[in-house]
Amino acid sequence: MNRTTLSLIACTVALAAVTGFAAFDPPAASGTSAAGGATERPVERTGLLCPAPSFSDIADTAYTSFTPVTRGADSGGKATLEAAAEQSADGKGGKGGGKKDQVVLTPKPPGTPALGDTSGSDAPALIGTADGKYAPGWTVQETTRIAAGTGRGLQGVTCTPADTDFWFPGASTAKGRTDYVHLTNPDDGAAVVDIKLYGKSGAVKTTVTDGITVPPHSSEPVLLSTLTADAQTDLTVHVGVRSGRVGATVQAQDDAGGGDWLPAAADPAGSLVLPGIPKDATDVRLVAFTPGDDDADLKVRLASPNGSITPAGNETVHVKAGMTSAVDLGPVTRGEPGSLILTPTDKAVPVVAALRVVRGKGNSQETAYIPATAPVGRRATAADNSAKGTTLSLTAPTADATVKVTASAGSDGGSPATKTYTIKSGTSQDIGAPTGGKGTYALTVEPVSGGPVYAARTLTGSSDGVPGFTIQTLPSDRGLVAVPRAEQDLSVLQR
């Protein structure tokens, strides 16, 4: 093999190892070979962005960091979480100079959760970087308790990597809602971001026409109601980055119904899975949007523990091109956990979707959101679990699947524990996750055989009779990346 071929392979491996975001089907922790003539290597560097948790003075926020053990990972490295520079809550300026003294979490080596906390309204957004053994599958969970006021209850979000394109169906500018888009820029240069809103009649006219500039290493919350005078109950928000990269997440808060984080939905696709609807959900609302030029007609199915059913009166949903559609499904789970599966009735048209889920009634309501998500792939990770208050939901929409679930050692000691489960085709199962540790622990989900698996984790914690809860979906933890085999003949590229 000559120098040109070697250089090409070296560049490919280096790029994949540094970014950790190349296209791949993430493998199990064993690092088994990927299909298609490629090998899989642990990523060597990764980044995560956590939004500022709350504007409430009585908010208490817990952070949990965890890296799963990954065979073949480097033995050295480090992980850090640093405060981003603060911007004003109305998105018009910056105070700058992030408060690093408030960052109280120091990540621990793979296999051991690390905990930290902060309180009050001035807790900053965090910019995290990890390399070496800390990087593969690094996961950070941000969980906030708010005792009263707008957004009261339990709010949780999994910190995410930077990207350039985000869809958020399920936001709102209606009376009683306070929805922010949190934008965090981890890079040395400014990022320029466009925010577009789509309501029931199409694009919503906004007051910002030239883009929003997010300075380097800073975070900026943008209140949606300041972008338009049009009060819309159901909005789809599109965040597109003209230059640079950002992390983007919507914080959706309701005066009467609590609130939670609305993460970005999976990329537009013809079929979607929204896993983890609690069995005691009192109201479920589906919000969908198609960004293309064609209308979409979707078949609606609920995957329950005993098979898939069609919700009475909501067998299909019609989504007009460029317009946000919303469907009230009511207490669709009726005492059994479930996951929503959307498939085309005829022609596949790319769609984005999310669910607004309510538990409780009257003054004891609380709200969470479930965006359509990607499948687990070969491994997904969820941090901040406890022996009580954690539910793991697994869905196999198209074929039987065997899944291995591992609970890590706890923050207070103990040993990892693993169980294997079989999920029947077309069903959704809430499982009792294994526990071997003491204190807070992490869960890793690794499909062993069969069809694709989708997963979500619910945390619960009631306060003064309010059923606080938050739901996080579990797509791939991005722990490994596929790179070309060195023995491949790439000499044709020299011609």
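Our structure is the block above this text.
Residues numbered from 1 in each chain as written. Predicted model: local features only at pLDDT ≥ 70, side-chain atom pairs only at ≥ 80, totals over all residues. Heavy atoms only, no water.

## Quick word on the overall build of the chain
Here is the rule: Here a strand is any run of E in DSSP of at least two residues, a helix any run of H or I of at least four, and the numbering for each starts at the N terminus. Relative accessibility thresholds used throughout: buried, under 20% of the residue-type maximum; exposed, over 50%; partly exposed, between the two (1.4 Å probe, protein chains only). Contact criterion: two residues are considered in contact whenever any of their non-hydrogen atoms come within 4.5 Å of each other. Note that accessible areas follow from Shrake-Rupley with a 1.4 Å probe, and for residues the cover is restricted to the protein chains shown.
Each helix and strand counted, the chain has one helix and 35 strands in total. Taken over 495 residues, the chain has a buried fraction of 55%. Relative to all contacts within the chain whose residues are 6 or more apart in sequence, the contacts with residues 24 or more apart total 81%. As displayed, the chain offers around 19,600 Å² of accessible surface, 49% of which is attributable to carbon and sulfur atoms.

## Focus: unusual backbone geometry
Backbone geometry at Asp 384 places phi at a positive 65°, although glycine is not the residue there. Topologically, Asp 384 is positioned in strand E27 (residues 380–385). With a phi close to 60°, Arg 478 is a non-glycine residue in the positive phi region. By the element assignment, Arg 478 lies in the loop between strand E34 (469–473) and strand E35 (480–484).

## Some thoughts on the sheet that holds strand E25 (residues 352–359)
Think of a sheet as strands paired side by side through backbone hydrogen bonds, with each pair either parallel or antiparallel. Condition: Here the rule is simple: two strands pair whenever DSSP picks up at least two bridges between them. To obtain an axis, a line is fitted to C-alpha atoms, over the contacting stretch when the element is a helix, and the angle between two such axes runs from 0 to 180 degrees between their N-to-C directions.
The four strands lie next to each other as E23-E19-E25-E26, forming an open sheet whose pairing is antiparallel. Each edge of the open sheet is held by one strand with a lone partner, namely strand E23 (324–330) and strand E26 (366–371). In this sheet, neighbouring strand axes are inclined to one another by 20° on average, regardless of whether the strands run parallel or antiparallel. Where E25 meets E26, six bridges bridge the pair, whose relative direction is antiparallel. From the neighbouring strand, Val 357 faces E26, where its bridge partner is Ala 368.

## A few points about the state of the cysteines
The criterion, for reference: Cysteine sulfurs are considered disulfide-paired once they come within 2.5 Å of each other.
Counted according to the given criterion, the structure contains one disulfide. One disulfide bridge connects Cys 50 with Cys 159, the sulfur atoms lying 2.0 Å from each other. Judged by the torsion about the S-S bond (110°), the Cys 50/Cys 159 disulfide is right-handed. Of the two residues, Cys 50 is situated in strand E2 (residues 45–50) and Cys 159 in the loop between strand E8 (153–158) and strand E9 (165–171); the sequence distance between them amounts to 109 residues.

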